[in-house]
Amino acid sequence: QLQLVESGGGLVQPGGSLRLSCAASGFTLDYYVIGWFRQAPGKEREGISCISSSGGSTKYADSVKGRFTISRDNAKNTVYLQMNSLKPEDTAVYYCAATTIQAGNIRPQYYNYWGQGTQVTVSS
């Protein structure tokens, strides 16, 4: 059974940092573009970042550019999202997803496999 599992979410103060992990089981991530997405209550799911299968190319939404960093360790079958300078508006459920489409996009409809999400709450 292929599966993506996010971890690392939690409650953090504004200005703080979290590192999210996306671990794959049942398949290897070597050939997949991995994206990170988030969804706040009452809002559409937002693509925030993606990374190429090799890790050589990354893309970020303007809302997180300069604060978040996506990376991958294919040997560990894991993708990470380092989140710094967190703001209350970053509060959302964060999802990782995988696709074999090598387009480097952050459109949710391009992604085939999804994790269950991890809650990130930024509040004082």
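Look up a bit, the structure's there.
Every value quoted in this text rests on a predicted model; they were computed, and no experiment measured them.

Trainee: Explanation requested: the overall build of the chain in the structure shown.
Mentor: The number of helices and strands found in the chain is 0 helices and 11 strands. In sequence order, the chain lays out its α and β elements as β-β-β-β-β-β-β-β-β-β-β. Over its C-alpha trace the chain gives a radius of gyration of 13 Å, about what one expects of a compact globule, namely 14 Å for 124 residues. Referenced to the eigenvectors of the C-alpha coordinate spread, the extents of the chain come out at roughly 40 × 25 × 25 Å. Burial status across the chain gives 44% buried among its 124 residues. For the chain, the proportion of contacts with a sequence separation of at least 24, taken over those separated by at least 6, is 59%. Carbon and sulfur atoms provide 46% of the accessible area of the chain, an area that totals close to 6200 Å². Side-chain charges of the chain comprise 11 positive and 8 negative groups, with the mean position of each set lying 2 Å from the other.

Trainee: Please explain the sheet that holds strand β7 (residues 68–73) as it appears in this structure.
Mentor: Strand pairing in a sheet relies on backbone hydrogen bonds, with the paired strands running either antiparallel or parallel. Strand order in the open sheet formed by 4 strands is β1-β3-β8-β7, and the pairing between neighbours is antiparallel. In this open sheet, the two edge strands, each paired with only one partner strand, are β1 (3–7) and β7. Pairwise comparison of adjacent strand axes, ignoring direction, gives a mean angle of 15 degrees for this sheet. Pairing of β7 with strand β8 (residues 78–83) involves 6 bridges; the strand directions are antiparallel.

Trainee: Explain the packing of aromatic side chains here, please?
Mentor: The geometry of an aromatic ring pair is captured by two quantities: the separation of the ring centres and the angle between the planes. Enumeration according to the criterion identifies 7 aromatic pairs in this entry. Ring centres of F27 and Y32 lie 5.1 Å apart, and the angle between their planes is 70 degrees; this geometry places the pair in the edge-to-face category. Assigned by exposure class, F27 and Y32 land together as buried. Here the aromatic rings of Y32 and Y113 are separated by 6.1 Å at their centres, their planes lie at 75 degrees, and the arrangement is edge-to-face.

Scoring rules and cut-offs
- Going along each chain's sequence as written, the residues are numbered from 1 onward.
- Only residues with pLDDT of 70 or above have their local features reported here, since the model is predicted, and side-chain atom pairs are shown and tallied only from 80 upward, although totals for entire chains, interfaces and linings are computed over all residues.
- Note that the side-chain values use all heavy atoms of the structure and ignore hydrogens as well as water.
- Working definition: helices are DSSP H or I runs of at least four residues, strands are E runs of at least two. Numbering for both runs from the N terminus.
- Atoms counted for the radius of gyration: C-alpha only. Globule rule: 2.2 Å times residue count to the power 0.38.
- For every residue, the accessible area obtained with a 1.4 Å probe (protein chains only) is divided by the maximum for its type, and the residue is called buried under 20%, exposed over 50%, and partly exposed between those limits.
- Throughout, a contact is declared for two residues whenever any of their heavy atoms are within 4.5 Å.
- For the accessible areas, the method is Shrake-Rupley and the probe is 1.4 Å, while residue cover comes only from the protein chains on display.
- Positive: Lys, Arg. Negative: Asp, Glu. His and the chain ends are not part of the count.
- For charged residues, the charge sits on one atom: NZ in Lys, CZ in Arg, CG in Asp, CD in Glu.
- Between any two strands, pairing holds if DSSP finds at least two bridges.
- Axes, fitted as lines to C-alpha atoms, cover a helix only where it is in contact. Angles between the N-to-C directions of the axes lie from 0 to 180 degrees.
- Classification of ring pairs rests on two measures: the distance between centres of Phe, Tyr or Trp rings, Trp counted by its six-membered ring, which must be within 6.5 Å, and the angle between planes, read as stacked under 30 degrees, edge-to-face over 60 and tilted in between.

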